[in-house]
Amino acid sequence: MTNITDGDLLLKNITAQAPFPICFADLEKAVAEKIEAGPFGYIRSGAGGEQTLRNNRAAFEKYSIVPRFLNDVSKVDTSVHLFGKTYPTPLLFAPVGMNGMVHDEGELAVARAAQFLNIPYIQSTVSTFALEEVALAAPSATKWFQLYWSTNEEIAFSMATRAEEAGFEAIVLTVDTVMLGWREEDVRNQFSPLKLGYARGNYMNDPVFTATLPDDSFESYVQGVLQNVFHPTLNWAHVRELKKRTNLPILLKGILHPEDAKLAIDNGIDGIIVSNHGGRQLDGVIGSLDALPAIAKVVHGQIPIILDSGVYRGMDALKALALGADAVAIGRPFVYGLALEGQQGVQKVMTNLYDELKVSIALAGATSVKGLRNITLVKQDGTEVK
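None of these values were measured; they are calculated from a predicted model.

Participant: Can you help me understand the overall build of the protein chain in this one?
Facilitator: Secondary structure assignment for the protein chain yields 16 helices and 14 strands. In summary, the protein chain has a C-alpha radius of gyration of 20 Å against a globular reference of 21 Å for 386 residues, a match within 12%. The buried share among the 386 residues of the protein chain stands at 55%. Pairs at least 24 apart in sequence give 72% of the contacts found in the protein chain among residues at least 6 apart. When the accessible surface of the protein chain is split by element, carbon and sulfur atoms take 53% of a total near 16,200 Å². Averaging the positions of the 34 positive and the 43 negative side-chain charges in the protein chain gives two centres separated by 5 Å.

And the structure:
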């Protein structure tokens, strides 16, 4: 339960000794001026003509809040309950790979920030540092492992086992990357962080993967990852087998169709992440927020729903929570914070997002995350959503 006061939220930013970009546009501008075009373009861009990237933002603009007043909103409960644990905020760190391309401490810095803030951290398969290194860096943080399937499925099973043994508390299987999206910005910049070695951490520490390499050269690693990272045969049978191989809850990341949400429940999946990969996979795809209400309707509270892709503000998180998400994952903003100031930058970005969310919940007339489900939203044409 949090007290809502001006000094707690707005004034602390106004009186801060060292100004830090407070909105996403300023963050992006500052990072564009600091890092090289290749890494910046990789983080910023979407697939193809970037319609999906734009759809994500347009979806948030589409919905407006109709606030209620004369409620006592002096105390706001922002806590959420996921997989047996209660967290002080409904925010998570989305899995973003290859953090080492923007900061030397990469995922280690992000995991430490997650530990400090008590926000669950989802580590990517294609991370610069191995999951075991992250576990040591942030031993008390809640850590989930995002799993990319592998052409050699034994590599996928090995990584899931390693995550469980290292104390990770869930497996997040990404289902929308059976092959790489058409990313014109990376072609334009002639930039591939994978080929530069920024995704080595988990692969070069995996005994099943390294056993497949002809030698321990950098070239063998790159070729080995390229041979395994794309998996167009991934299907529900693989999901069921993964469930047999781990005791951890399994979430599917990349669900956008309500029928796939139904199938996830039918196949015993423990959670869903509604996501279009931040607009970086298939172009011309529905915005994640637009996909959320139909999925929330069919799931009907049976398993947790997390929303990611295009969440740049606290108000974005509020709208997602009001439309049926149980929690919201943040991606690009925290990576920009990492690029600017390492762990401290990540903490500043996530704190600002949380502070905006917290005051926005109160100003909407709610006193808890669950209470947001009772808030009325309207679309641009005046249609009332709830």
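Participant: Quick question: what am I supposed to make of unusual backbone geometry here?
Facilitator: Most of the time, phi is negative for any residue but glycine, and the peptide bond is trans. With phi around 55°, M98 is a residue other than glycine that occupies positive phi space. Examined against the element boundaries, M98 turns out to sit in the loop between β6 (91–93) and α5 (106–117). Residues other than glycine seldom take positive phi values, yet Q190 does so here, at roughly 50°.

Participant: Please clarify how helix α14 (residues 288–299) should be interpreted in this entry.
Facilitator: Note on helix geometry: an α-helix contains 3.6 residues per turn, so any two residues three or four positions apart are oriented the same way. Compared with an ideal rise of 1.5 Å per residue, which puts twelve residues at 16 Å, α14 spans 16 Å between its outermost C-alpha atoms and is within 8% of the ideal. For α14, every residue scored as buried is listed here: S288, L289, A291, L292, I295, A296 and V299. Projected onto a plane normal to the axis of α14, the buried residues spread over an arc of 135° and lie on a single side. Positive backbone phi, at 50°, marks H300, one or two positions downstream of α14.

Participant: Can you walk me through the packing of α5 against helix α16 (residues 332–363) in this structure?
Facilitator: Each pair of packed helices can be summarised by the angle the axes make with each other and by the distance between the axes. Taken N-terminus to C-terminus, the directions of α5 and α16 make an angle of 10°; their axes are 9 Å apart at the nearest point. Judged by the angle between their axes, α5 and α16 are roughly parallel. Residues G106, A109, V110, R112, A113, F116 and L117 of α5 form the contact with α16, whose own contacting residues are F334, L338, G342, Q343, V346, Q347, M350 and T351. Of the residues that constitute the contact of α5 with α16, the class distribution is nine nonpolar, five polar and one charged.

Participant: What am I meant to see in the side chain of T78 here?
Facilitator: Here T78 is to be found in the loop between β3 (75–76) and β4 (80–82). T78 gets classed as buried once you look at its relative accessible area, which sits at 2%. From its side chain, T78 meets the backbone oxygen of P88 in a polar contact 2.6 Å long. Separated by 2.8 Å, the side chains of T78 and Y354 make a polar contact.

Participant: I would appreciate a short explanation of the pairing of strand β13 (residues 327–330) in the present structure.
Facilitator: A regular strand places its side chains on the two faces of the sheet in alternate fashion. Burial along β13 is two-sided: A327 and A329 and V328 and I330, pointing in opposite directions, are all buried. When β6 meets β13, the two strands line up parallel, connected through three bridges. Each residue of the ladder has a partner; that of L91, found in β13, is V328. Direction of pairing for strand β12 (residues 305–307) relative to β13: parallel, over a ladder of two bridges. Directly across from I306, in β13, lies its bridge partner A327. A crossover links β12 with its parallel partner β13, the connecting element being helix α15 (residues 314–322), and its sense is right-handed.

Parameters at a glance
Residues numbered from 1 in each chain as written. Predicted model: local features only at pLDDT ≥ 70, side-chain atom pairs only at ≥ 80, totals over all residues. Heavy atoms only, no water. Helix = DSSP H or I, 4+ residues; strand = E, 2+ residues; numbered from the N terminus. Rg over C-alpha atoms; globule rule 2.2 N^0.38 Å. Buried < 20%, exposed > 50% of the residue type's maximum accessible area, 1.4 Å probe, protein only. Contact = heavy atoms within 4.5 Å. Areas by Shrake-Rupley, 256 points an atom, 1.4 Å probe, with all protein chains shown as cover. Lys, Arg positive; Asp, Glu negative; His and termini not counted. Charge placed at Lys NZ, Arg CZ, Asp CG, Glu CD. Expected span 1.5 Å × (residues − 1). Arc of directions from axis to C-beta. Axes fitted to C-alpha atoms, helices over the stretch in contact; angles between N-to-C directions. Parallel < 35°, antiparallel > 145°, perpendicular 65-115°, else oblique. Nonpolar A, V, L, I, M, F, W, Y, C, P; charged D, E, K, R; others polar. Polar contact = N/O pair within 3.5 Å; in protein donor to acceptor, adjacent residues only side chain to side chain. Pairing = 2+ DSSP bridges. Right-handed = clockwise from strand over helix to strand, strands pointing away.

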